[in-house]
Structure formats: structure tokens, C-alpha cells
Amino acid sequence: MSETVLSLKTLETRYGAVYALKGINLEVRKGEIVTLLGSNGAGKSTTLKTISSLIRACGGSVEFMGKNITHEEPHVIVQMGVIHVPEGRKILKELTVLENLELASFTLKDNVERQKRIEHVYEFFPVLKERQKQMGGLLSGGEQQMLAIGRGMMVKPKIMLLDEPSMGLAPIIVQSIMKIIKQINAEGTTILLVEQNAKIALKLATRGYVLETGNIVAEGDAATLSKDESIVKAYLGH
Amino acid sequence: MSFQEIFLQQLFNGLLLGSFYGLVALGYSMVYGIIKLLNFAHADIYMVGGFISLAILKFFGGTFLGNAWLGIVTAMILTMIIVGLLGVAIQRVAYRPMFNAPRLSILITALGVSMILYNAVMVITGGEYRAYKTGLGYGGFNMGSVYVTHTQAILIVASMALMLVLHLFITRTMYGKAMRGIALDHDTCRLMGINVNKIIALTFFTGSALAAAAGMMAGVYYGSLHFFMGFVIGIKAFTAAVIGGIGIIPGAMLGGILLGLLESFGTQIPFIGSQWKDVFSFSILILILIFKPTGLLGKKESERM
Ligand SMILES: Nc1ncnc2c1ncn2[C@@H]1O[C@H](COP(=O)(O)OP(=O)(O)OP(=O)(O)O)[C@@H](O)[C@H]1O
Ligand SMILES: [Mg+2]
């Protein structure tokens, strides 16, 4: 078994008095694509926000490559190689596409390297190159998702946390986004993919977890999960 | 004086006044853009900048630097650094603990900081006017038939240069882009690996340094300083920032210069005269806001850089 990249240990997070995560355990190993499934309000986004420290955990811990990062600042966590591609893309709408990519490598001092990484992103997403001088807000939903992922690629992360990249996109676009995720994974980036769309997520992932109102209620191989009757009923929509 | 002379004279006065307003307006606009705070203490930073530059210049008077060009330029750089750091310190001590508190708390904190600053200067100076003497002299040149002193010309050039440098900084450098990014969305910038608090501190440094430069220029131009000198210019610079579109950097410069020009031309309009110049210029500004509530360069939402 390869080394553990990310591990959540009885992680708890609350909003005010309401617990959104009630002590979850989750592990992602090097090179994996792991999916975290769950319906609206299950706590998927909260899990990712807690890992990236946008929200502080109130119990348990987040470990990255064996190091406890529960109390690190968000920008430090990014610099360590954990990148969170947030729900809803969160493009900086009044910066250009190019500026969005540049800023995503803020801590990189080497401009030549920055340029190289931008070109690499453009190879993945040629449409971003065509639109590089446009304001981010003018991109279509699919293009914004590409930019959000492209931003994540700018730091050459060890692990990429993706929050519902398929949300609101046409099936054909979802297909190509999933292909890109697979490609990023093949280049050596470990992936934790949050999805409501279990069908496509389980096709891509090697393993999966199912979250329900702040608790992990099922976990296992993607193949096993796809066959699990209750999961099929709840999340595969037929 | 001929019409042309009057026009040139007022254009010149307006540009000078307007560039002071613009320099101060930038700080209001940048800080509002990045943390949505109306920094009431900003006008006092301008005033403190004036006094600190005076102290430095007095000290230089006895050294080889003197209080003419060499001394003045050196004093301006030093003043900008010192007051910039003062702005950062105020931000760190007074504002940062309030970032997550309700809007009103930080606003009241800013009022408190303002009072501390001007009361401190009032006590130190005894509340009196202080003469601002320089070794610049009264040399100058004729522009048409209008006499322009070297001091006036350099002040305009210097303030335009500062605005240009700021503009390049904001649009071309990574730090400038980070400022614009943070003005749009703090959390997203955090997820891009940006230390948001550091960039906020940098914004305070920049805004305070520019206001300090303006405070010093005002001292050089008017020849005296007073602890309350920030009050009126504070209101006007804030207005300029709103007119240009608060949070938008070129807007602050545009608003400042526009306000300066309106004021100086306002004094020349028959039956209005200089007592009514503020009424005249503010009426026009209100008209602008009626037709363009987000300011001249503002778009749909007005909160941006
Ligand atoms: N800022 C907040 N303040 C209070 N409660 C919140 C906040 N954000 C989320 N919650 C609550 O926490 C729970 C988990 O929310 P979360 O956003 O993590 O769900 P999710 O699984 O990502 O859902 P979705 O699929 O709709 O994105 C929900 O009950 C939600 O109402
Ligand atoms: Mg969510």
C-alpha cells in the first residue's frame, strides 16, 4: 500500500452550535482518485473548507503527508501542496484569465517558471489561451471551471481537492472535465473529488466515501460502491 | 487679466489642488476596496505626514542635505516610509482584531484612531499653526502671462508621478494584482496561496505613504501646518473617491482632479465667487451621483479596486 497523503481523523466542524462534521475519518493515498459523495447539505464542502483551513476544525485533526496541518493558515497549506478548487469556481471576475492564473502562483518568485506553468495550463485548456485577456467573469460556466482547475494546477499541487466540478455543466463538458481530472492525476497529482453526481464520480474514482449529515455512512472501492443497493438508490438516481 | 490668463491660472490651481485630493483619495479608496472600511483616520495620517516631514526637514536644515531640493526629496521619501509604517501599525493594532467583528465596530475604531492622532498632534504643537519653511525660494517661469513657481510645477509633476507609479504597481506587479484580487474575494485569494493579511498591511502602507506625501506637499505649498488641516481635505478626498467610484484606483485620481478643477473654476463664475465654491462643486458632484450612483468609473456593484 502506498503512502498516505491526506488523512482526516475524527474531524469535527461546527457552524455556531450546529455540527456540520461529526467526527469523520477519511484517507487518501498517493496517486489515488478518491471521491466524497453526498446529497445537499451533507457536509462535503465543509470537509474541503476544513482541510484548507477556510473554516477551523473544532475537534480531530487533518494530516497532510504525516504532518498535522489542522491549525495552519490557508495560504501555508496551499504552499505545502494542498490545493482546494472551490464550489462555484470562484473566479476573480474582474481580473483577466491570465491574471487569475498568475495570481494562483503568487508565491512563486521565478517568472520564467510561472510562464512555463501557464503554458502547461494552456495545453490542457486551449480555450483559456484564446481568452487570456478577457475578464474572468465573461467566461462560460465550463470555461470558468477550466480556469478554476487551471489555477489549481499553477502551484503543482501534491493533492487537489475538487468541489463539485460538474455542477451546472452540460454532460459533454462534464465528460471533458472528468478526462482532464484523470490526466492531472496521471501526471502525479492525488485527487479528492467531491460530487453529488455519483455516477460519473464512481466511474473516475478508485475509492469512495459517502457522507450523510456530517457522518461517513459508507466507504469502499468504487466498484463495490456502485453495486451497493442503498447507494445506488440514494445517489445514482434510479 | 484676459480670459485666457484666468483660464490658465485656474487650470493650474485646480490641477494642484486636485492632485492633493487625488493622493489622499487613493488611500480611502484602496482601503475601502480591500476591507470595506471607511478609514476616518486617513485624513489625520495626511496631517501627521505634514508634521513629520516638517520635523525631518528642520533636522536636515542643519546638515549637508539642507532644506532645498535635496533635503526635500529625501525628507519626502523618509516621511512616506515612516508614515506608511505608522499606517501598517495602526492597521495591525486597531483594525485587524476587528476584521471579523460587525462593520460598525471597526468604523468606530477608525473614529477613535482619528481622535487619538489629531489630539496627539494638537498637544504636541499646542494647537498652533506651524510655519513650513523651505529653501526653495520663489523662482519660476512664465506660462503665457501666468507666473508659475518652480515649487508649484514640481508639486504637480511629483503628485502625477506618484499616481502613475501607483497605477503601474497595481496593474503590473504581483502585489498589485493581489490587492485587486483581494478586493474581489478574500477567501478565494487565500485558496490561491496569498497571505491576505500581509497584502492588507501593504495596502495600508501604500495609502498612508501617499497621504503623507500629500500632507508634506500641502505644507510646502501653503507654507504652514495645523493639526486640523486634515479635516476639510479628508471630506473632499473622500468625496473625490466616491465620485470616481469608491474602491477603483483610477477613479480616485480622476475624482480628485475633477474636484480640484471644479473648485478652482467655481471661484470664477459670476455671482458665485470664492465663498460659494464648495457649494458649487458639491452641487455638481451630487448631480453626478444622481446620474451615476456608483461613481464615474464604477460599474454595477461599487466595491472593487
Ligand atoms: N456558513 C455557514 N453557516 C451556517 N451553516 C452552514 C454554513 N455553511 C454550511 N452550513 C451548513 O452546514 C451543513 C453542511 O453544508 P455543506 O455546504 O458542507 O454541504 P454540502 O455537502 O457541500 O452541500 P451541497 O451539495 O449543497 O454543496 C449544511 O446543513 C449547511 O446548511
Ligand atoms: Mg457543497
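Cut-offs and rules
- Residues numbered from 1 in each chain as written.
- Chains lettered and ligands numbered in written order.
- Predicted model: local features only at pLDDT ≥ 70, side-chain atom pairs only at ≥ 80, totals over all residues.
- Heavy atoms only, no water.
- 1 Å grid on protein atoms, 1.4 Å probe; cavity = no way out; pocket = protein on both sides within 12 Å on 5 of 7 lines; lining within 4 Å.
- Points joined across faces, edges and corners; volume = space filled by probe spheres on them.
- Helix = DSSP H or I, 4+ residues; strand = E, 2+ residues; numbered from the N terminus.
- Nonpolar A, V, L, I, M, F, W, Y, C, P; charged D, E, K, R; others polar.
- Pairing = 2+ DSSP bridges.
- Axes fitted to C-alpha atoms, helices over the stretch in contact; angles between N-to-C directions.
- Contact = heavy atoms within 4.5 Å.
- Donors = N, O, S within 2.8 Å, 3.2 Å for Na, K, Ca; no water.
- Buried < 20%, exposed > 50% of the residue type's maximum accessible area, 1.4 Å probe, protein only.
- Polar contact = N/O pair within 3.5 Å; in protein donor to acceptor, adjacent residues only side chain to side chain.
- Buried area = accessible area lost by both parts, 1.4 Å probe.
- Salt bridge = Lys/Arg side-chain N within 4 Å of Asp/Glu carboxyl O.

Engineer: Go over empty space enclosed by the protein with me, naming the residues and quoting the values.
Structural biologist: All names here are of chain A. Counted under the stated rule, the structure contains 2 cavities of 30 Å³ or more. The volume enclosed by the largest cavity comes to roughly 80 Å³. Counting residues per element, the ones that place at least two in the lining of the largest cavity are strand E6 (82-85) and helix H6 (141-153). Among the residues forming the lining of the largest cavity, the class breakdown is 7 nonpolar, 2 polar and 1 charged.

Engineer: Can you explain the sheet that holds strand E3 (residues 33-37) of chain A? Please cite residues and give values.
Structural biologist: Residue and element names in this part refer to chain A. Pairing is mixed in the open sheet, where 6 strands are placed in the order E6-E7-E8-E3-E9-E10. Strands at the two margins of the open sheet, each flanked by one partner only, are E6 and strand E10 (215-221). On average, each strand axis in the sheet is inclined to that of its neighbour by 15°, with strand direction left out of account. Across the sheet, helix H7 (residues 171-186) touches E3, strand E7 (159-163) and strand E8 (190-195), and the angle it forms with E8 is around 155°.

Engineer: Requested: an account of the coordination of the magnesium ion (ligand 2), with residues and values cited.
Structural biologist: Residues and elements named next belong to chain A. The magnesium ion (ligand 2) binds to the protein through Ser45 (OG) and Glu87 (OE); the donor distances cover 1.9 to 2.0 Å. A residue pair is termed long-range when its members are at least 10 positions apart, and Ser45 in helix H1 (residues 44-51) and Glu87 in the loop between E6 and helix H3 (97-104) qualify at 42 residues. Overall, Ser45 belongs to the buried group, its relative accessible area being 16%.

Engineer: Outline the side chain of Glu63 of chain A, listing residues and values.
Structural biologist: Residue and element names in this part refer to chain A. Residue position: Glu63 is located in strand E4 (residues 59-64). A polar contact is formed between the side chain of Glu63 and the side chain of Lys9, at a distance of 3.1 Å. When near neighbours in sequence (up to four residues on either side) are disregarded, Glu63 contacts Val5, Leu6, Ser7, Lys9 and Asn68.

Engineer: Help me get a handle on the interface of chain A and chain B, residues and values and all.
Structural biologist: At the interface, 24 residues of chain A touch 21 residues of chain B. Counting the surface lost from both chain A and chain B, the interface buries some 2000 Å², and carbon and sulfur atoms represent 69% of this. For the pair chain A and chain B, the number of links is 2 salt bridges. In this structure, the salt-bridge partner of Lys177 of chain B is Glu102 of chain A, at a minimum N-O distance of 2.5 Å. Our enumeration of links across chain A and chain B arrives at 4 residue pairs in polar contact (both at pLDDT 80 or more).

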